[in-house]
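# Structural description and commentary
So you can see what is in the structure, the chains are spelled out below.
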Amino acid sequence: MILYALACDDGHAFESWFPDSAAYDAQAKSGLVTCPFCNSAKVEKQIMAPSVARKDKAAVVAMPEVAPPPAPPPQQMALLSDTERELRAMVKAVREHVVKNADYVGKEFADEARKMHYGEIERRSIYGEANAADAKALIEEGIEVHPLPIIPDERN
C-alpha cells in the first residue's frame, strides 16, 4: 500500500491510500480520484517525505496539514421574539409577586376563597390549587379568582 499526498486544482490538500502507483494512475485517468472537499477530479500528487520503516522505532509518517474549506458563519436563531420575552418576564414578575405576598393554601383554595367571600374569615391574599370544576363554581358564585400562570423552567 502507498499513501499519496494529493491536492485538487482549487488547492484542497488531502491524502489517499492506493495498492501501488499503477492503481493510482489508473484511477486518476478514469476520474475516480476526486477531492473530498469540492469533488473535483483534477487531482495531482504532491511532494511528500517517504516513510521508511525502522526496526528500533515506529515508522513516522509526515502528514501534510489538511485545510478544510471555511465553515459558513453561524446564523442567529431566536426561539422567542422580543415581545414574547417581555411578556414572559411580566408573567414571571406577577407570579413572583403573588408567591411573595400571598398565603399558599394548597388544595384548600376553593374553601378558603368561599370563607373570605362570605365573611367567615378575614380577607387576605391567597393562592393555591383548584380543579376546573371548583374554579367554575367559584366564578358562578361571584367569587373573583384568577389563574396563576406557571412559568416553564428557564432551560425549556
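Here, every reference points to the structure presented above.
About the cut-offs
- Residues numbered from 1 in each chain as written.
- Predicted model: local features only at pLDDT ≥ 70, side-chain atom pairs only at ≥ 80, totals over all residues.
- Heavy atoms only, no water.
- Helix = DSSP H or I, 4+ residues; strand = E, 2+ residues; numbered from the N terminus.
- Buried < 20%, exposed > 50% of the residue type's maximum accessible area, 1.4 Å probe, protein only.
- Areas by Shrake-Rupley, 256 points an atom, 1.4 Å probe, with all protein chains shown as cover.
- Salt bridge = Lys/Arg side-chain N within 4 Å of Asp/Glu carboxyl O.

## What about the overall build of the chain?
Each helix and strand counted, the chain has 4 helices and 5 strands in total. Traced from its N-terminal end to its C-terminal end, the chain shows the element sequence β-β-α-β-α-β-α-β-α. Buried residues in the chain amount to 18% of all 156 residues. On the chain, roughly 12400 Å² of surface is accessible, and the fraction owed to carbon and sulfur atoms is 55%.

## Concerning the pattern of salt bridges
Overall, the coordinates contain 5 salt bridges when judged by the stated rule. Across the salt bridge formed by Glu112 and Arg124, the nearest N and O atoms sit 3.3 Å from each other. One end of the pair, Glu112, is in helix H3 (residues 109-117); the other, Arg124, is in the loop between H3 and strand E5 (126-128), and 12 residues separate them in sequence. The salt bridge involving Glu141 is made with Arg114; its shortest N-O contact spans 2.8 Å. Remark: Arg114 occurs in helix H3 and Glu141 occurs in the segment after helix H4 (132-140); sequence separation between them is 27 residues. Arg114 sits in the partly exposed class, given a relative accessible area of 21%. Several salt bridges share partner residues, and in doing so they unite Asp103, Glu112 and Arg124 into one network.

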